[in-house]
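# Examining the three-dimensional arrangement
Here is how the chains run, residue by residue.
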Amino acid sequence: MKAIVYSKYGSPEVLKLTEIDKPIPKNNEVLVKINASSLNYGNLVLLKGDPFLARFAFGLLKPKYTIPGGDIAGRVEAVGKDVTQFQPGQEVFGDLSTSGWGGFAEYVSVPEKALALKPENLTFEEAAAVPMAAVTALQGLRNKGKIQARQKVLINGASGGVGSFAVQIAKSFGAEVTGVCSTRNLEILRSIGADHVIDYTKEDFTEKVQKYDLILAVNGHHPITAYERSLNDKGTFIHVGGSGAQLFQTMTLGPWFSLSGSKKMSSLLQRQNQNDLIYVKELLEARKIKPVIDKTFKMNEIVKAFKYFEQGHAQGKVVITI
Ligand SMILES: NC(=O)c1ccc[n+]([C@@H]2O[C@H](COP(=O)([O-])OP(=O)(O)OC[C@H]3O[C@@H](n4cnc5c(N)ncnc54)[C@H](OP(=O)(O)O)[C@@H]3O)[C@@H](O)[C@H]2O)c1
């Protein structure tokens, strides 16, 4: 089968399209013929081995998982004898980030917990854009943020992969949603249901009088003190991504703010979770959310795809067709 393989950490050029053996499913595994995959920040960490701490999970000197690719959508080709949830022929999607990766290939063999049935109303390309980004947004808003109907919710960095799902998932909970993005993305945010949009190139929301019950910091940078100022009493701030300083401040000062006042400030570490993926599938099928796809690249354009994604200005998701 064809696969994107790499043997050393580095720039996107270390990724090579090559022929390798097709995997054989173990008793507890599902063999999936992959139609599409997508890019997430985790792919960059895996590619570069950076931040260095990640190498304790991904291989200290060289990558342990030689086929990157976390999000997939495809069709079940075969199942091991202990698999109970899936049958050959079914269309599935999934997040392989805790199952050895391997999504940039024609086939992958994975435990069934990494998969869910693909939303019926989505193409393979659309479905591949969903798992990691949508589940991150869901876990940030619902698990950590305890989002409630009618709350005022602000998503900073709302126009990328995670942010575009966060806007829609927050709306699905009945929140009043403000999305922060640059000028070229204002219309995208309105089209996916944001009640208010703020152009970060023209205004700094942390300097406005408007306060929020829940802030999800997905991209960009503000000092944690500025986020704290923008929260209502009993408001919650969740760091998802963006600048390293933003993460550092949340991890060091967040617990102090949370203990000393009425506001809660913490960061999210997304975890692959089959139930959350099924929850997201139901939102998609109910047409409460939809993936926003920026660009689609072919497998032999993987270097170009990574170079585009690593600039950090994707308008929604970047998809790879297999
Ligand atoms: N905590 C976790 O477990 C977890 C899980 C997944 C991802 N993440 C993190 O979440 C972040 C977002 O991931 P993603 O996949 O959504 O990234 P992405 O798709 O690459 O995000 C790109 C978007 O970010 C916007 N952006 C860039 N600079 C901005 C700024 N200064 N202010 C506001 N928006 C800005 C861009 O809009 P413009 O072009 O308009 O600037 C673009 O639309 C990353 O930092 C990633 O590491 C964390």
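Small disclaimer: the values here were computed from a predicted structure and weren't measured.

Basis of the calculations
- Residues numbered from 1 in each chain as written.
- Predicted model: local features only at pLDDT ≥ 70, side-chain atom pairs only at ≥ 80, totals over all residues.
- Heavy atoms only, no water.
- Helix = DSSP H or I, 4+ residues; strand = E, 2+ residues; numbered from the N terminus.
- Rg over C-alpha atoms; globule rule 2.2 N^0.38 Å.
- Buried < 20%, exposed > 50% of the residue type's maximum accessible area, 1.4 Å probe, protein only.
- Contact = heavy atoms within 4.5 Å.
- Areas by Shrake-Rupley, 256 points an atom, 1.4 Å probe, with all protein chains shown as cover.
- Lys, Arg positive; Asp, Glu negative; His and termini not counted.
- Charge placed at Lys NZ, Arg CZ, Asp CG, Glu CD.
- UniProt positions renumbered as here; feature names shortened; annotations may be inferred.
- Pairing = 2+ DSSP bridges.
- Patch = residues over 30% accessible without salt bridge, like charges linked within 9 Å, V, L, I, M, F, W, Y side chains within 5 Å.
- Salt bridge = Lys/Arg side-chain N within 4 Å of Asp/Glu carboxyl O.

The secondary structure content of the chain amounts to ten helices and 15 strands. Expected size for 322 residues packed as a compact globule is a radius of gyration near 20 Å; at 20 Å, the chain falls within 12% of this value. In terms of overall dimensions, the chain has C-alpha extents of about 60 × 40 × 35 Å along its principal axes. Counting every position in the chain, which comprises 322 residues, the buried fraction comes to 53%. Look at the contacts in the chain between residues 6 or more apart in sequence, and 68% of them connect residues 24 or more apart. Surface exposure of the chain reaches about 14300 Å², of which carbon and sulfur atoms provide 53%. Taken together, the 39 basic and 31 acidic charged side chains of the chain have centroids lying 3 Å from each other.

When the UniProt feature table is mapped onto this chain, "domain: Enoyl reductase (ER)" (unreviewed entry) is found at residues 10-320. Taken end to end, residues 10-320 is 30% helix and 26% strand, and its first and last C-alpha atoms sit 20 Å apart.

Take the pairing of strand 3 (residues 29-38) next. Strand 3 sits mainly inside the fold: eight of its ten residues count as buried. Here five bridges tie strand 3 to strand 6 (residues 107-111), and the two strands are oriented antiparallel to one another. Residue E29 lies in a different strand from strand 6, and its bridge partner there is P111. Sheet topology note: the strand 3/strand 15 (residues 317-321) ladder contains three bridges and is antiparallel.

A surface patch of nonpolar side chains, amounting to about 640 Å² of accessible area, comprises F52, L53, F56, L60 and L61. Note on placement: L53 falls in the loop between helix 1 (41-48) and helix 2 (55-58).

Let us now look at the pattern of salt bridges. Inspection of the entire model under this criterion finds 18 salt bridges. As a salt-bridge pair, K171 and D195 come within 3.0 Å of each other at their nearest N and O atoms. Of this pair, K171 sits in helix 5 (residues 161-172) while D195 sits in the loop between helix 6 (186-191) and strand 10 (196-199); the two residues are 24 residues apart in sequence, bridging distant segments of the chain. Since its relative accessible area comes to 36%, D195 is described here as partly exposed. Where K281 meets E285, a salt bridge forms, and the shortest distance between an N and an O atom there is 2.9 Å. Separated by four residues within a single helix, K281 and E285 lie in helix 9 (residues 274-285), roughly one turn from each other. One salt-bridge network, held together by shared partners, links R75, E91 and K118.

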